[in-house]
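Letter by letter, the chains look like this.
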Amino acid sequence: LSDFFVASRKKNYEFSYEFEKLEIEKRPIDLDILYMSKIYDGNNEFMPDFEHSEISNGLVLDHYLKVVAYAPSPNVGIYNEYEVKAWVYSGLKDLTYNYEISFNLSELEIIIRPITIKSASATRIYDGTPLTNGNYEIISGSFVVGDIFEFLNTGTITNVGVTDNTFNYDIYNKDKEEISKNYDVTKEYGKLIVTPRPITIKSASATRIYDGTPLTN
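If you're wondering where the values come from, they're calculated on a predicted model, not measured in any experiment.

Asks: So what's going on with the overall build of the protein? Residues and values would help.
Replies: Along its length, the protein carries one helix and 18 strands. Taking 17 Å as the expected radius of gyration for a compact globule of 217 residues, we find that the protein reaches 40 Å, considerably beyond that expectation. Reported as C-alpha extents along the three principal axes, the dimensions of the protein are approximately 170 × 30 × 25 Å. Looking at the protein as shown, the accessible area adds up to about 15400 Å², and 51% of this sits on carbon and sulfur atoms.

Quick look at the structure:
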């Protein structure tokens, strides 16, 4: 039809318009958070592995997920209830608002941290006073930055002999909370040794003319 014909017919009508809404709903994503464990590190944050559940939609285009789980505590334990946050990105652009993300939780576990502590040794000649040594060294492992190790020396010896340089300990976090349960401390003991005190004794001399009796001094 020519433009003239169409125009001539349109004048016979008065058009009005009603617009319906176009709505894009959030895309549902359902994630299975997989079991994860880590050695105590003073932090409650996990970067867990995850899978899309059987009922989950996939991501679209080049979108990818970042998932972080937060245990209720940074201390050693098994956690079945915890917070999970997830973000969807395309490159560096956050597109999370386009998705409705739900989670199915597995256990998070924080495992006790191993460390070996050895007390120092000491040796001296007997002097009648107690021999102690409050020094120590870390043989293996390490403490989390910010945790405080208090070495409580109990080994002592006064008389000649050998004994273990025994010790106890307390461990605190930066908030002064006692957290020794987060560490598996293996103790190794140095030795405290007191050796005999050398002494030389010389008897006195004596001289006399023979008189038939024993001479002593």
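Asks: Talk me through the packing of aromatic side chains; I want residue IDs and the actual numbers.
Replies: Considering all chains together, one arrives at ten aromatic pairs under this definition. Measuring from centroid to centroid gives 5.6 Å for Phe-167 and Tyr-189, while their planes differ by 85 degrees, and the two rings are edge-to-face. With a gap of 22 residues between them, Phe-167 in strand S16 (residues 167-172) and Tyr-189 in the loop between strand S17 (183-188) and strand S18 (191-195) connect regions that are remote in the sequence. Under the relative-accessibility criterion, Phe-167 is labelled buried at 1%. Stacked on the ring of Trp-87, the Lys or Arg Lys-66 has its end atom at 5.8 Å from the ring centre. Sitting above the plane of the Phe-167 ring, Lys-187 keeps its charged end 5.3 Å from the centroid.

Asks: How would you summarise the side chain of His-63 if you had to cite specific residues and measurements?
Replies: On the secondary structure map, His-63 appears in the loop between strand S4 (50-52) and strand S5 (64-70). On the basis of relative accessibility, which here comes to 15%, the residue His-63 falls in the buried class. A polar side-chain atom of His-63 sits 2.7 Å from a polar atom in the side chain of Tyr-99. For His-63, the contacting residues outside a window of four places in its chain are Val-88, Tyr-89, Ser-90, Leu-95 and Tyr-99.

Asks: Describe the sheet that holds strand S12 (residues 122-125), naming the residues involved and giving the relevant values.
Replies: Either a parallel or an antiparallel arrangement is found when strands of a sheet pair, and the pairing is made through backbone hydrogen bonds. Spatially, three strands are ordered S12-S18-S15 in an open sheet, and the strand pairing comes out mixed. Two strands close off the open sheet at either side, each with one partner strand: S12 and strand S15 (161-164). With direction set aside, neighbouring strand axes in the sheet form an average angle of 10 degrees. One ladder, built from four bridges, connects S15 with S18; its direction is antiparallel. By the bridge assignment, Val-162 is partnered in S18 with Ile-193.

Asks: Give a detailed account of the environment of Ile-117, specifying residues and quantitative values.
Replies: On the secondary structure map, Ile-117 appears in strand S11 (residues 113-119). Ile-117 sits 17 residues away from Glu-100 along the chain, and the two C-alpha atoms are 50 Å apart. In this structure, Ile-117 is in contact with Tyr-136, Glu-137, Ile-138, Phe-143, Phe-149, Phe-167, Val-185, Thr-186, Lys-187 and Glu-188, ignoring residues within four places of it in sequence.

Asks: Account for the sheet that holds strand S9 (residues 99-104), with residues named and values stated.
Replies: The three strands lie next to each other as S4-S1-S9, forming an open sheet whose pairing is mixed. The open sheet has two edge strands, S4 and S9, and neither has a second partner. Strand-to-strand, the axes of this sheet are offset by a mean angle of 30 degrees, without reference to chain direction. Pairing analysis gives six bridges linking strand S1 (residues 27-33) to S9, with the strands arranged parallel. Pairing of Pro-28 across the sheet is with Glu-100, part of S9.

Asks: Any chance you could break down the nonpolar core for me, citing the residues and the numbers?
Replies: In terms of nonpolar packing, the biggest core is built from 29 residues, with Tyr-82, Ile-101, Ile-117, Phe-143, Ile-171 and Tyr-183 touching the most fellow members. Setting aside chain neighbours within four positions, we find Tyr-183 in contact with Tyr-40, Ile-112, Arg-113, Ile-115, Ser-142, Phe-143, Val-144, Asp-147 and Ile-171. Counting residues in each nonpolar core, the second largest holds five residues, with Leu-131, Ile-157, Leu-192 and Val-194 among its members.

Asks: With reference to specific residues and values, describe the pattern of salt bridges.
Replies: Applying the stated criterion to the full structure yields five salt bridges. The salt bridge partner of Asp-41 is Lys-38, with a shortest N-O separation of 3.2 Å. The exposure class assigned to Lys-38 is buried, which follows from its relative accessible area of 14%. Linking Lys-191 and Asp-164 is a salt bridge whose minimum nitrogen-to-oxygen distance equals 2.5 Å. Of this pair, Lys-191 sits in strand S18 while Asp-164 sits in strand S15, and the two are 27 residues apart along the sequence. Overall, Asp-164 belongs to the partly exposed group, its relative accessible area being 31%.

About the criteria used
Residues numbered from 1 in each chain as written. Predicted model: local features only at pLDDT ≥ 70, side-chain atom pairs only at ≥ 80, totals over all residues. Heavy atoms only, no water. Helix = DSSP H or I, 4+ residues; strand = E, 2+ residues; numbered from the N terminus. Rg over C-alpha atoms; globule rule 2.2 N^0.38 Å. Areas by Shrake-Rupley, 256 points an atom, 1.4 Å probe, with all protein chains shown as cover. Phe/Tyr/Trp six-rings, centres within 6.5 Å; stacked < 30°, edge-to-face > 60°. Buried < 20%, exposed > 50% of the residue type's maximum accessible area, 1.4 Å probe, protein only. Lys NZ or Arg CZ within 6 Å of the ring centre and 35° of its normal. Polar contact = N/O pair within 3.5 Å; in protein donor to acceptor, adjacent residues only side chain to side chain. Contact = heavy atoms within 4.5 Å. Pairing = 2+ DSSP bridges. Axes fitted to C-alpha atoms, helices over the stretch in contact; angles between N-to-C directions. Core = buried A, V, L, I, M, F, W, Y, C linked by side-chain atoms within 4.5 Å. Salt bridge = Lys/Arg side-chain N within 4 Å of Asp/Glu carboxyl O.

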